[in-house]
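These are the residues of each chain, in order.
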Amino acid sequence: MSMDFTDQRLSYEKGELDQQSVPTSPFELLKAWMNEALVQKVQEPYAMSLATCGADNKPSVRIVLLREITETGIVFYTNYESAKGQDITENPNAEALFFWHELERQVRISGSIAKIDADKSAAYFQKRPHDSQVGAWVSQPQSGEVANREIMEQTFEQLQAAHPDNTTVPTPEFWGGYEITVESIEFWQGRANRMHDRIVYTQSSGDDSKVNEGNTSWTTKRLLP
Ligand SMILES: Cc1cc2nc3c(=O)[nH]c(=O)nc-3n(C[C@H](O)[C@H](O)[C@H](O)COP(=O)(O)O)c2cc1C
């Protein structure tokens with residue numbers, strides 16, 4: 001039996017986005033939208049879908065948590081030997097997507113991914129709750145097959161015993177942050193009648209650059225919905 005959703009629809013009417021009044025830097029708008037999502041109590045607005053594609057040309061998507069918006073991109077943490085880590089080794093191009101239903105907004109970020117500094121990864125790892133640190137060691141290699149849950153739990157208990165609560169859990173070499181250096185960001189605001197607002201920022205060079213923010217110039221375009 002198939003399941004039919006063709007009668008389900010919402011009208012999006014909570015906001016609008018005007019090309020003339022958006023900030024010159026997409027990072028400013030991203031941070032403003034993220035702040036609004038936090039104020040509006042969107043649950044985990046920093047959770048994003050991350051799409052990667054390895055040498056097999058088959059895209060994969062999964063949720064990861066955004067941990068920092070830098071001056072050049074966005075940072076998340078993961079296991080470097082996971083399936084996504086393998087994809088990124090083979091092809092550094094990626095997209096990240098946020099959807100905040102409560103605000104009727106979507107943000108789509110494209111760029112290339114690279115590992116961040118090992119020291120910065122270690123600093124964040126050491127800030128995480130002790131049991132999450134232990135969990136990172138259990139999940140190695142992340143995305144590898146495990147025969148059953150008991151094996152995971154036994155390993156967790158062994159590692160907890162080896163590293164009691166007040167002791168340091170070493171930062172795994174196979175774990176750390178990636179930064180997606182932003183090449184373009186599209187901001188989508190739902191509107192009535194499917195007449196949504198879409199403003200995309202792309203890095204520009206030369207005369208078509210409308211704005212200069214630090215060393216980066218950004219051009220905006222409105223896209224058909
Ligand atoms: C809300 C949520 C947050 C998550 N955050 C992360 C994260 O920050 N890093 C991570 O490696 N996996 C995170 N995961 C798990 C991933 O979605 C995924 O299962 C895992 O990273 C393995 O992906 P891969 O096999 O494509 O490498 C999260 C999942 C959910 C649902």
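Structural data are supplied above this passage.
We now turn to the structure provided with this report. (Residues numbered from 1 in each chain as written. Predicted model: local features only at pLDDT ≥ 70, side-chain atom pairs only at ≥ 80, totals over all residues. Heavy atoms only, no water.)

Side note on the overall build of the chain
Then, in step 1: Looking only at helices and strands, the chain features five helices and nine strands.
Then, in step 2: Across the chain, helices and strands are ordered from the amino to the carboxyl terminus as α-β-β-β-α-β-β-α-α-α-β-β-β-β.
Then, in step 3: Its C-alpha atoms put the chain at 60 × 55 × 40 Å along the principal axes.
Then, in step 4: For the chain, the proportion of its 225 residues judged to be buried stands at 38%.
Then, in step 5: For the chain, the share of sequence-separated contacts (at least 6 apart) that also reach a separation of at least 24 residues comes to 65%.
Then, in step 6: Just so you have it, the chain exposes about 13,500 Å², and 48% of that area is on carbon and sulfur atoms. (Helix = DSSP H or I, 4+ residues; strand = E, 2+ residues; numbered from the N terminus. Buried < 20%, exposed > 50% of the residue type's maximum accessible area, 1.4 Å probe, protein only. Contact = heavy atoms within 4.5 Å. Areas by Shrake-Rupley, 256 points an atom, 1.4 Å probe, with all protein chains shown as cover.)

A look at the packing of aromatic side chains
Then, in step 1: The full count for this structure, using the stated rule, is twelve aromatic pairs.
Then, in step 2: When the ring of Tyr77 is compared with that of Trp175, the centres are 5.4 Å apart and the planes differ by 15°; the resulting orientation is stacked. Placement of Tyr77 in strand E3 (residues 73–79) and of Trp175 in strand E6 (residues 175–189) is noted, with a sequence separation of 98 residues between them. The residues Tyr77 and Trp175 share a single accessibility class, namely buried.
Then, in step 3: Where Phe125 meets Trp175, the ring centres are 5.0 Å apart and the plane angle is 65°; that geometry is what we call edge-to-face. In this pair, Phe125 is assigned in helix H3 (residues 118–127) and Trp175 in strand E6, connecting sequence segments 50 residues apart. (Phe/Tyr/Trp six-rings, centres within 6.5 Å; stacked < 30°, edge-to-face > 60°.)

Topic: helix H5 (residues 149–162)
Then, in step 1: For H5, with 14 residues, the first-to-last C-alpha span of 20 Å sits near the 20 Å given by 1.5 Å per residue.
Then, in step 2: N-capping of H5 is provided by Asn148, with a side-chain oxygen placed 3.2 Å from the backbone N of Glu150. (Expected span 1.5 Å × (residues − 1). Polar contact = N/O pair within 3.5 Å; in protein donor to acceptor, adjacent residues only side chain to side chain.)

Considering the site of the ligand
Then, in step 1: Residues in contact with the ligand, as listed here, are Glu44, Arg62, Ile63, Val64, Leu65, Tyr77, Thr78, Ser82, Ala83, Lys84, Gln142 and Ser143.
Then, in step 2: With respect to the ligand, the side chain of Ser82 contributes an N or O atom lying 3.4 Å from an oxygen atom.
Then, in step 3: Here the ligand, which alone exposes 620 Å², has 61% of that area covered by the protein.
Then, in step 4: Elements that contribute at least two residues to the shell around the ligand include exactly strand E2 (59–69), E3 and helix H2 (83–90).
Then, in step 5: Ranked by residues supplied to the shell around the ligand, first place goes to E2 with four residues. (Near = heavy atom within 4 Å.)

What to know about unusual backbone geometry
Then, in step 1: With an omega dihedral of -5°, the bond running from Gln140 to Pro141 counts as a cis peptide bond.
Then, in step 2: Position of Pro141 among the secondary structure elements: in the loop between helix H4 (130–138) and H5.
Then, in step 3: Of note, the phi angle at Glu44 is positive, near 45°, even though the residue is not glycine.
Then, in step 4: Of note, Glu44 is situated in the loop between helix H1 (26–39) and strand E1 (47–53).
Then, in step 5: Its relative accessible area of 40% is what places Glu44 among the partly exposed residues.
Then, in step 6: For Asn193, which is not glycine, the phi dihedral falls at a positive 60°.
Then, in step 7: Here Asn193 lies in the loop between E6 and strand E7 (197–204).

So, to be careful, I would describe these as geometric facts and stop short of saying anything about function.
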